[in-house]
Amino acid sequence: MKLIEVNNLTFSYDKKVNVIDGVSFCVESGKYISIIGHNGSGKSTFAKLLIGLLEANAGEIKAFGLEMNSKNVHEIRRKIGIVFQNPDNQFVGTTVRDDIAFGLENRCVPTEQMEGIIEEFSRKVHMENFLDKEPENLSGGQKQRVAIAGVLALAPEVIIFDEATSMLDPRGKREVRESIEEMRKENPNLSILAITHDLEEAFASDEIIVLKEGKVIASGAPEKLLEKPEIFDNTGLDLPFKNKFLKELEQQGIKVNATDSIERIVEELCR
Ligand SMILES: Nc1ncnc2c1ncn2[C@@H]1O[C@H](COP(=O)(O)OP(=O)(O)OP(=O)(O)O)[C@@H](O)[C@H]1O
Ligand SMILES: [Mg+2]
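The structure presented is a predicted model; accordingly, all values stated were derived computationally and were not measured.

Trainee: Break down helix α1 (residues 43-50) for me, citing the residues and quoting the values.
Mentor: Of all the eight residues making up α1, seven are buried; the element is thus mostly covered by neighbouring parts of the structure. Taken residue by residue, α1 has Lys 43, Ser 44, Thr 45, Phe 46, Ala 47, Leu 49 and Leu 50 as its buried positions. Positive phi appears at Gly 52, one or two residues downstream of α1, with a value of about 75°.

Dropping the structure here:
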């Protein structure tokens, strides 16, 4: 089922240069999609258009059967959670607990259920011991975790992560990825749209969309995009180690089973 459909979307900040230039794409229920591309390629702008923070100059967005317009934007936003690139601008509460509670209060969640939900989701991101702390005093990575908990607690149908794990260390990234995987298992209809500079992360998704100067220059399953690895040269991103390794072996005319783990391939090569 298509949750969000975008058709020929065009947007410009200055009415001169199109930052988003004729983008079409769709988010299906339960899909995990990554958006990659150079700095300034339009990824964050695209995310802001999807939640109606910016208004397109041309084209259309249809979400949950509703046309994106000033009348429907609030209804649409109830079903889309977003974690922004910069966690500093998204806190409203004086404590972490208040902050997570704020979103729940807006949804009229009964007070007696609230504490349990806050506990559950702060635990998922390992912030349960920080509930009485002031958000300003947290580290960048901790702020991102709180923002993620706040969004997850609202049980949206689609979650947009705009480089939401960029400030986390490798372990933090892995933990957030694991909790997302867990949520997807619990709720197979949850769709994820992850803007990322981490190709390793993008390769874990069902579909990758490559943006360049506001245009989609490639899209499809990660394995399919790898058939033309030069696509990734356009993103300024590094292929995951395994893919670089396989590419190198191929260039040297060495045949291995690409679906094996690196350890297994190395073992085979050492024989
Ligand atoms: N508020 C704004 N006003 C004017 N121009 C903007 C504004 N925000 C972004 N831009 C410009 O629009 C283009 C796309 O920016 P955007 O933030 O969407 O890129 P991005 O792909 O998210 O980049 P990054 O990887 O650095 O986060 C850039 O050229 C940027 O300078
Ligand atoms: Mg951005």
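Back to the write-up after that little detour.
Trainee: Give a detailed account of the packing of helix α10 (residues 241-251) against helix α11 (residues 262-270), specifying residues and quantitative values.
Mentor: At their nearest, the axes of α10 and α11 sit 11 Å apart, and the two run at 30° to each other. One finds that α10 runs roughly parallel with respect to α11. Crossing handedness for the pair α10 and α11: left-handed. Here Phe 241, Lys 242, Phe 245, Leu 246 and Leu 249 of α10 lie close against α11, whose contacting residues are Ile 262, Ile 265, Val 266 and Leu 269. Here the contact of α10 with α11 is composed, by residue class, of eight nonpolar, no polar and one charged.

Trainee: Before we move on, can you summarise the side chain of Lys 124 with the specific residues and values?
Mentor: On the secondary structure map, Lys 124 appears in helix α4 (residues 111-124). Ignoring sequence-local partners within four residues, the contact set of Lys 124 consists of Ser 179, Glu 182, Met 183 and Glu 186.

Trainee: Got a sec to walk through the domain arrangement of the protein? Specific residues and values, please.
Mentor: Domain boundaries in the protein define domain 1 (2-236) and domain 2 (240-271). Each of domain 1 and domain 2 has a C-alpha centre, and these two points are 34 Å apart. On the domain 2 side, the residues contacting the five residues of domain 1 number four residues. Carbon and sulfur atoms make up 68% of the area that domain 1 and domain 2 hide from each other, which totals about 340 Å². When residues of domain 1 are sorted by the area they lose upon contact with domain 2, Glu 200, Leu 226 and Pro 229 head the list and together hold 66% of the total. The interface formed by domain 1 and domain 2 includes zero residue pairs in polar contact (both at pLDDT 80 or more). Its residues placed into classes, the side of domain 1 that touches domain 2 shows four nonpolar, no polar and one charged.

The rules behind the values
- Residues numbered from 1 in each chain as written.
- Chains lettered and ligands numbered in written order.
- Predicted model: local features only at pLDDT ≥ 70, side-chain atom pairs only at ≥ 80, totals over all residues.
- Heavy atoms only, no water.
- Buried < 20%, exposed > 50% of the residue type's maximum accessible area, 1.4 Å probe, protein only.
- Helix = DSSP H or I, 4+ residues; strand = E, 2+ residues; numbered from the N terminus.
- Axes fitted to C-alpha atoms, helices over the stretch in contact; angles between N-to-C directions.
- Parallel < 35°, antiparallel > 145°, perpendicular 65-115°, else oblique.
- Left-handed = near helix turned anticlockwise from the far one by under 90°.
- Contact = heavy atoms within 4.5 Å.
- Nonpolar A, V, L, I, M, F, W, Y, C, P; charged D, E, K, R; others polar.
- Domains from an automatic or database assignment.
- Buried area = accessible area lost by both parts, 1.4 Å probe.
- Polar contact = N/O pair within 3.5 Å; in protein donor to acceptor, adjacent residues only side chain to side chain.

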